[in-house]
Amino acid sequence: MTLFYLLLIAAIVLVIVGATTEGMLYLLSAGVLLLIADVLYLAVRSVLRRQRPAH
């Protein structure tokens with residue numbers, strides 16, 4: 001879960017810096033892509049957690 005939070009914070013920082021700094025639109029794009037990857041990571045993790053049989 002720590003990886004999720006680190007990716008989330010990095011994505012938010014990149015989006016903020018990319019949106020506020022002129023000429024750094026690529027940082028905004030990288031932040032959005034990182035945010036999408038973060039959500040996909042969380043989705044895959046939750047699906048894999050459901051597939052394990054309960055003991």
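Quick caveat, the model's predicted, so the values are computed rather than measured.

1. A look at the environment of Arg45
Mapped onto the elements of the fold, Arg45 is located in helix α2 (residues 25-51). By relative accessible area, Arg45 is classed as partly exposed at 24%. Sequence-wise, Arg45 and Met1 are 44 residues apart; in three dimensions their C-alpha atoms are separated by 9.4 Å.

2. As for the packing of helix α1 (residues 2-20) against α2
Relative to each other, α1 and α2 sit at 155°, their axes nearing to 7 Å. On the basis of the axis angle, α1 is roughly antiparallel to α2. Crossing of α1 over α2 shows left-handed handedness. Listed contacts from α2 to Leu3, Phe4, Leu7, Leu8, Ala10, Ala11, Leu14, Val15, Val17, Gly18 and Ala19 of α1 are Leu25, Leu27, Leu28, Ala30, Gly31, Val32, Leu34, Leu35, Asp38, Tyr41 and Leu42. Partitioning the contact of α1 with α2 into residue classes produces 19 nonpolar, 2 polar and 1 charged.

3. Some thoughts on the UniProt feature "transmembrane region" (unreviewed entry) in the protein chain
Within this numbering scheme, the UniProt entry marks residues 28-48 as carrying the feature "transmembrane region" (unreviewed entry). In this annotation, residues 28-48 is assigned 100% helix and 0% strand; the end-to-end C-alpha distance for the span is 30 Å.

4. Comments concerning the side chain of Asp38
Following the sequence through the fold, Asp38 ends up in helix α2. Buried charge without a salt bridge: Asp38, with Arg45 as the nearest opposite-charge side chain at an N-O distance of 9.1 Å. When residues no more than four places from it in sequence are discounted, the contact partners of Asp38 are Phe4, Leu7 and Leu8.

Quick notes on the rules
Residues numbered from 1 in each chain as written. Predicted model: local features only at pLDDT ≥ 70, side-chain atom pairs only at ≥ 80, totals over all residues. Heavy atoms only, no water. Helix = DSSP H or I, 4+ residues; strand = E, 2+ residues; numbered from the N terminus. Buried < 20%, exposed > 50% of the residue type's maximum accessible area, 1.4 Å probe, protein only. Axes fitted to C-alpha atoms, helices over the stretch in contact; angles between N-to-C directions. Parallel < 35°, antiparallel > 145°, perpendicular 65-115°, else oblique. Left-handed = near helix turned anticlockwise from the far one by under 90°. Contact = heavy atoms within 4.5 Å. Nonpolar A, V, L, I, M, F, W, Y, C, P; charged D, E, K, R; others polar. UniProt positions renumbered as here; feature names shortened; annotations may be inferred. Lys, Arg positive; Asp, Glu negative; His and termini not counted. Salt bridge = Lys/Arg side-chain N within 4 Å of Asp/Glu carboxyl O.

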